[in-house]
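Take a look at the letters that make up each chain.
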Amino acid sequence: MTAAKNFSIVIVFAALLGLLGIGGFMLFQDMEGPEVILSPDTGRASPHQELTLTLRDKKSGIRSVTVTVKKNSHSLVVLDSAFTDGRREQRVTFNLKDAGLKDGAFDLEVRTADTSLAGFGKGNTTTRVYPMRLDTQPPRVSVKSMPPYVRRGGTGSILYSVNEEVERTGVKVGDLYFPGFKQPNGDYICFFAFPHFLTMAQYAPEITAVDLSGNAMASRLVIRPLDKVFRHDNINLSENFLNSKMPEFEQEVPGEMTPLERFLKVNSELRTANEHKLLEVGKDTAPNMLWHGAFQQLPNSATRAGFADNRSYIYNGQKVDNQTHLGLDFASLAMAEVPASNSGRVVFAGQLGIYGNLVVVDHGLGLQTLYSHLSEISANVGQQVKKGDIIGKTGTTGMAGGDHLHFGVTISGVQVQPVEWLDPHWIEDNVTSRLK
């Protein structure tokens, strides 16, 4: 055999070894099966509840997934999917409506494979078995307090129990939701609003609950509604007010426009955005009462505007806009110190559109107070405050025409009548005694 032939054989043999090495590396570099995440993973399910599987593999794509329901000696495949796009994360959704199950225990088996060369090209596999229970019965709610009196624009409260653990529960008013908060003894407390913009005929609160299996219940809440007629005011817009105040809003409402045009955008579009922000802030609340007793009015102050006052804005003798004032305006000395009206935790401290410099204090169970138009803020988010602690000074920031404090109360972000919470007799009759 010549030297040239020997050299060729060596080259071919080396190439074969190289291919075998690459194949071996590809074969054994990924020896782990995909990660499997089931959501919701509560150990319970109802036939129509949507279950989601998230499948992940760090080194290879996801090849397939099979979901099998097993009960006693019977089994049924409820999901069988193959993936061809080679992605390392796949998400699939399924339910058990065609599984033919009755209430009781069963196993949910999830088997998934990746696209690696392990297993003679079939990929690494992961098999997870979830012990589960099929539940088709909705939760049962028992209201333990007498039907509450709820005045239009005001707040109602109920104490109730639920016969099982739930994902969420509360009172629904149209598109608004007021969550209930579980207490140490297992009962729930819920504060809910009679929104000022609803009539007596339109107000139909429902108590709702959704259990861990996705079963839902909703029933009309028995209440005693009381009507309320709100005041109407005319607000004259002067050139001096528009020219001095509207430059504050040029960043939030940009563009070339007259001071009146900017005012109309601020008073409608920005106002709406600010209300949505308060709904978001309203979710940041403690599950228990942080306050005690009646809330405190700004010391030595007079009330200059009421809650839900309907305002027509007049410019050069013509009505140009109409909005609702949500809060109480308290006037005192200029740059007067503003105390927290009750104990709680600061959940917002900063600038917010028409409210100017604003502090929001959470008092628990969805109840929060607002202090706006401040010239100075002396509180930080997360700070625990006691009734009377100074959190700022009155001012003219935002849409304030003169130095005052705009004081507001919200229930889960929905603005309600503050006067109720300033009245110790109302609190005793409608909150404290009812929730014992």
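Structure's up top.
Along each chain, residues carry numbers from 1 onward, in the same order as the chain's sequence is written. Per-residue local features of the predicted model are confined to residues with pLDDT of at least 70, and side-chain atom pairs are confined, for both listing and counting, to 80 or more; whole-chain, interface and lining totals are unaffected and use all residues. By convention in this description, side-chain values take in all heavy atoms of the structure and omit both hydrogens and water.

Going along the chain from the N terminus, every DSSP run of H or I of four or more residues is numbered as a helix, and every run of E of two or more is numbered as a strand. Scanning the chain from N- to C-terminus turns up five helices and 32 strands. A radius of gyration in this sense is built from C-alpha atoms; the matching globule rule multiplies 2.2 Å by the number of residues raised to 0.38. Against the 2.2 N^0.38 benchmark of 22 Å for 436 residues, the chain shows a C-alpha radius of gyration of 31 Å, more extended than a compact globule. On the principal axes, the C-alpha backbone points of the chain span a range of 110 × 60 × 40 Å. Residue burial is assigned from relative accessible area. The probe radius is 1.4 Å, only protein chains are included, and a residue is buried under 20% of its type maximum, exposed over 50%, and partly exposed in between. Looking at the 436 residues of the chain, the share that counts as buried comes to 48%. Residues are treated as being in contact if the distance between any of their heavy atoms lies within 4.5 Å. Residue pairs in contact within the chain that sit at least 24 positions apart in sequence constitute 67% of those at least 6 positions apart. Approximately 21900 Å² of the chain is accessible, and the part contributed by carbon and sulfur atoms is 53%. Only four residue types enter the tally: Lys and Arg on the positive side, Asp and Glu on the negative side; His and the chain ends are excluded. Taken as the charge centre is NZ of Lys, CZ of Arg, CG of Asp or CD of Glu, depending on the residue. For the chain, the separation between the mean place of its 43 positive charges and that of its 46 negative charges on side chains is 5 Å. Shrake-Rupley sampling with a 1.4 Å probe provides the accessible areas, and residues are treated as covered by the protein chains on show and by no other component.

Turning to the pattern of salt bridges, a few remarks are in order. For this analysis, a salt bridge means a side-chain nitrogen from Lys or Arg found within 4 Å of a carboxyl oxygen belonging to Asp or Glu. Evaluated as defined, the whole model comprises 16 salt bridges. Linked by salt bridges that have partners in common, Glu-35, Arg-56, Glu-89 and Arg-91 make up one network.

Pairs were defined over the aromatic rings of Phe, Tyr and Trp, the Trp ring being its six-membered one, requiring ring centres within 6.5 Å. Orientation was assigned from the angle between planes: stacked under 30 degrees, edge-to-face over 60, tilted for the rest. Scanning the entire structure with this criterion turns up twelve aromatic pairs. When the centroid spacing of 5.7 Å and the interplanar angle of 70° are considered together, the rings of Phe-191 and Trp-421 count as edge-to-face. Here Phe-191 is found in strand S15 (residues 188-193), whereas its partner Trp-421 is found in helix H4 (residues 418-422), with 230 residues between them in sequence. Both residues of the pair, Phe-191 and Trp-421, count as buried. Each ring, one from Phe-230 and one from Phe-307, has its centre 6.3 Å from the other, and the planes form 80°; the classification is edge-to-face. Taken together, the positions of Phe-230 in the loop between strand S18 (224-226) and strand S19 (232-236) and Phe-307 in the loop between strand S20 (302-305) and strand S21 (309-315) put the pair 77 residues apart, joining distant regions of the chain. By relative accessible area, Phe-307 is classed as buried at 4%.

Space inside and on the surface of the protein is sampled on a 1 Å grid over the protein atoms alone, with a cavity defined as a set of points where a 1.4 Å probe fits but cannot get out and a pocket as an open set with protein on both sides within 12 Å along at least 5 of 7 lines; lining residues have an atom within 4 Å of a point. Grid points are joined across faces, edges and corners, and a volume is the space filled by probe spheres set on the points. Computed from the structure, the largest pocket encloses a volume of approximately 880 Å³. As for the largest pocket, its lining consists of 37 residues, of which Arg-271, Arg-311, Thr-324, His-325 and Leu-326 are closest to the centre. The set of elements that each furnish at least two residues to the lining of the largest pocket consists of S19, helix H3 (259-281), S20, S21, strand S22 (318-325), strand S23 (328-331) and strand S32 (414-416). Sorting elements by how many residues they give to the lining of the largest pocket places H3 first, with seven residues.

This part is about the sheet that holds strand S5 (residues 74-82). The strands making up a sheet associate through backbone hydrogen bonding, with each pair oriented either parallel or antiparallel. Sheet architecture is open: five strands sit in the order S2-S8-S7-S4-S5, paired in mixed fashion. Bordering the open sheet on either side are strand S2 (44-45) and S5, each of which pairs with just one other strand. Should DSSP find at least two bridges between two strands, the strands are regarded as paired. Here S2 runs beside strand S8 (residues 125-134); their pairing, made up of two bridges, is parallel. Each bridged residue has a counterpart across the sheet, and for Ala-45 the counterpart in S8 is Leu-134.

Here we take up helix H5 (residues 424-432). Where H5 is concerned, the buried positions are Trp-426, Ile-427, Asn-430 and Val-431. The arc that holds the buried residues of H5, viewed along the axis, is 100°, so those residues lie on one side. Projecting away from the buried face of H5 at angles above 90 degrees are the exposed residues His-425 and Asp-429. Taken together, the buried residues of H5 touch strand S10 (149-151), strand S11 (155-162), S15 and H4. One side-chain oxygen at the N-terminal end of H5 lies 2.9 Å from the backbone nitrogen of His-425; it belongs to Asp-423. In this description, one arc is meant: the one made by directions from the helix axis to the C-beta atoms. Between N or O atoms, a polar contact is any pair within 3.5 Å; within protein, one atom must be a potential hydrogen donor and the other a potential acceptor, and residues adjacent in sequence are included only when both atoms are from side chains.

Moving on, we get to empty space enclosed by the protein. Applying the stated rule across the entire model yields one cavity of 30 Å³ or more. Here the largest cavity is characterised by a volume of approximately 40 Å³. Every residue lining the largest cavity is listed: Gln-296, Gln-297, Leu-298, Phe-330, Val-338, Pro-339, Ser-341, Tyr-371, Leu-405 and Phe-407. Where the lining of the largest cavity is concerned, the elements lending two or more residues are strand S24 (337-339) and strand S31 (405-411).

On to the nonpolar core. Residues grouped as a nonpolar core are buried Ala, Val, Leu, Ile, Met, Phe, Trp, Tyr and Cys residues, joined through side-chain atoms within 4.5 Å. Counting residues in hydrophobic clusters, the biggest one holds 57 residues, and the most contacted among them are Phe-192, Ile-391 and Trp-421. Looking at which element gives the most residues to this core, the answer is S15, with six residues.

Further remarks concern the environment of Thr-155. On the secondary structure map, Thr-155 appears in strand S11. Using a relative accessible area of 4% as the deciding quantity, one classes Thr-155 as buried. Sequence separation between Thr-155 and Phe-191 is 36 residues; the distance between their C-alpha atoms is 6.7 Å. Beyond its immediate stretch of four places on either side in the chain, Thr-155 contacts Tyr-149, Val-150, Phe-191, Phe-192, Ile-411, Val-416, Glu-420, Trp-421 and Trp-426.

The subject of this paragraph is unusual backbone geometry. Here the bond from Ser-39 into Pro-40 is cis, since omega is -5°, no more than 30 degrees from zero. Considering the arrangement of structural elements, one finds Pro-40 in the loop between strand S1 (35-39) and S2. Phi at Leu-365 is positive, roughly 60°, even though this residue is not glycine. Here Leu-365 shows up in the loop between strand S26 (357-362) and strand S27 (367-374). Of note, the phi angle at His-373 is positive, near 70°, even though the residue is not glycine.

Here the focus is the side chain of Thr-169. Here Thr-169 lies in strand S12 (residues 166-173). Overall, Thr-169 belongs to the buried group, its relative accessible area being 3%. In terms of polar contacts, Thr-169 uses its side chain to reach the backbone carbonyl oxygen of Thr-208, at 2.7 Å. Contact partners of Thr-169, with chain neighbours within four places excluded, come to Tyr-160, Val-162, Tyr-177, Pro-179, Gly-180, Tyr-188, Thr-208 and Ala-209.

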